[in-house]
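Close look at the chain arrangement
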Number of protein chains: 2
Amino acid sequence: MAGERLNPYGHDPLYVQLAAVLRQRIKSGEYGHLDPLPSEDRLKDEFGISRDTVRRAMEVLRKENLVFTVPHRGTFVGPRPDEPPTD
Amino acid sequence: MAGERLNPYGHDPLYVQLAAVLRQRIKSGEYGHLDPLPSEDRLKDEFGISRDTVRRAMEVLRKENLVFTVPHRGTFVGPRPDEPPTD
DNA sequence: CTGTATTTGTTCGTATGTATT
DNA sequence: AAATACATACGAACAAATACA
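Keep in mind that this is a model prediction, so the values were computed, not measured.

What counts, and at which threshold
- Residues numbered from 1 in each chain as written.
- Chains lettered and ligands numbered in written order.
- Predicted model: local features only at pLDDT ≥ 70, side-chain atom pairs only at ≥ 80, totals over all residues.
- Heavy atoms only, no water.
- Axes fitted to C-alpha atoms, helices over the stretch in contact; angles between N-to-C directions.
- Helix = DSSP H or I, 4+ residues; strand = E, 2+ residues; numbered from the N terminus.
- Parallel < 35°, antiparallel > 145°, perpendicular 65-115°, else oblique.
- Left-handed = near helix turned anticlockwise from the far one by under 90°.
- Contact = heavy atoms within 4.5 Å.
- Near = heavy atom within 4 Å.
- Polar contact = N/O pair within 3.5 Å; in protein donor to acceptor, adjacent residues only side chain to side chain.
- Buried < 20%, exposed > 50% of the residue type's maximum accessible area, 1.4 Å probe, protein only.

**Re the packing of helix α1 (residues 14–28) of chain A against helix α2 (residues 40–47) of chain A**
All names here are of chain A. Closest axis-to-axis distance for the α1/α2 pair is 13 Å, and the angle between their directions is 110°. Classed by the angle they form, the pair α1 and α2 counts as roughly perpendicular. Along this stretch, α1 crosses α2, giving a crossing that reads as right-handed. Two secondary-structure elements touch here, α1 through Leu 18, Val 21, Leu 22 and Arg 25 and α2 through Leu 43, Glu 46 and Phe 47.

**Here's the deal with the protein's contact with DNA strand D**
Neighbouring DNA strand D are 21 residues, the closest being A:Leu14, A:Thr53, A:Arg73, B:Leu14 and B:Thr53. For DNA strand D, the backbone makes up 78% of the atoms found within 4 Å of the protein, where backbone means sugar plus phosphate. Take A:Arg73: an N or O atom from its side chain is 2.8 Å from a sugar or linking oxygen of DNA strand D. Between DNA strand D and the protein, one listed contact pairs a phosphate oxygen with a side-chain N or O atom of B:Tyr15 at 3.1 Å.

**Some remarks on the side chain of A:Glu40**
Residue and element names in this part refer to chain A. Positionally, Glu 40 belongs in helix α2. In this structure Glu 40 comes out as buried when scored by relative accessible area, which is 18%. A polar side-chain atom of Glu 40 sits 3.1 Å from a polar atom in the side chain of Arg 55. Those residues within four positions of Glu 40 in sequence are excluded, and the remaining contacts are Arg 51, Val 54 and Arg 55.

These values are about where atoms sit, not about what they do.
Quick look at the structure:
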């Protein structure tokens, strides 16, 4: 399903709620390892919140090493892979 | 004329102002039916704004059916023409 | 067929201002 | 004051389709 909604009157801030939804989707396998998460714009539309709030949620997940972000590419499921040797 | 300027301190957001300028150019006939609008890059240079802002303005005009956009071709004056039959 | 240029599409990074709680 | 939230705006990078020489 894709119909979760956030509760603007809820106990937790929206970005915490969104992080929880995304965390659950990752744990459940709905978003698989190295899959890209929906873009910030898509999530903002899906949940009817601002991009700013989406970014805060992403930040939470990044700090948990559940996702990593590649600039201009997207945010992906999993810990950030090791860099290949430069040489 | 082609020298309109947007007012960064104005009451309306820049993308609303730009949409108004382009709307006027269409209504006046400066941009004729099925003419391509200047590209996003040209408009961004002409008005000294970001492409992001240009795209927001385009979105406004698209919603008004004043223009339609063909990916990788441009944005054209008028409502989107009917598709020819696929067959 | 092979590049090159043009143009829109997509995505994240960042900053500022305002309002609300 | 601090945290949360939204809107606006600019920047940067690259993808992909199209057109043309």
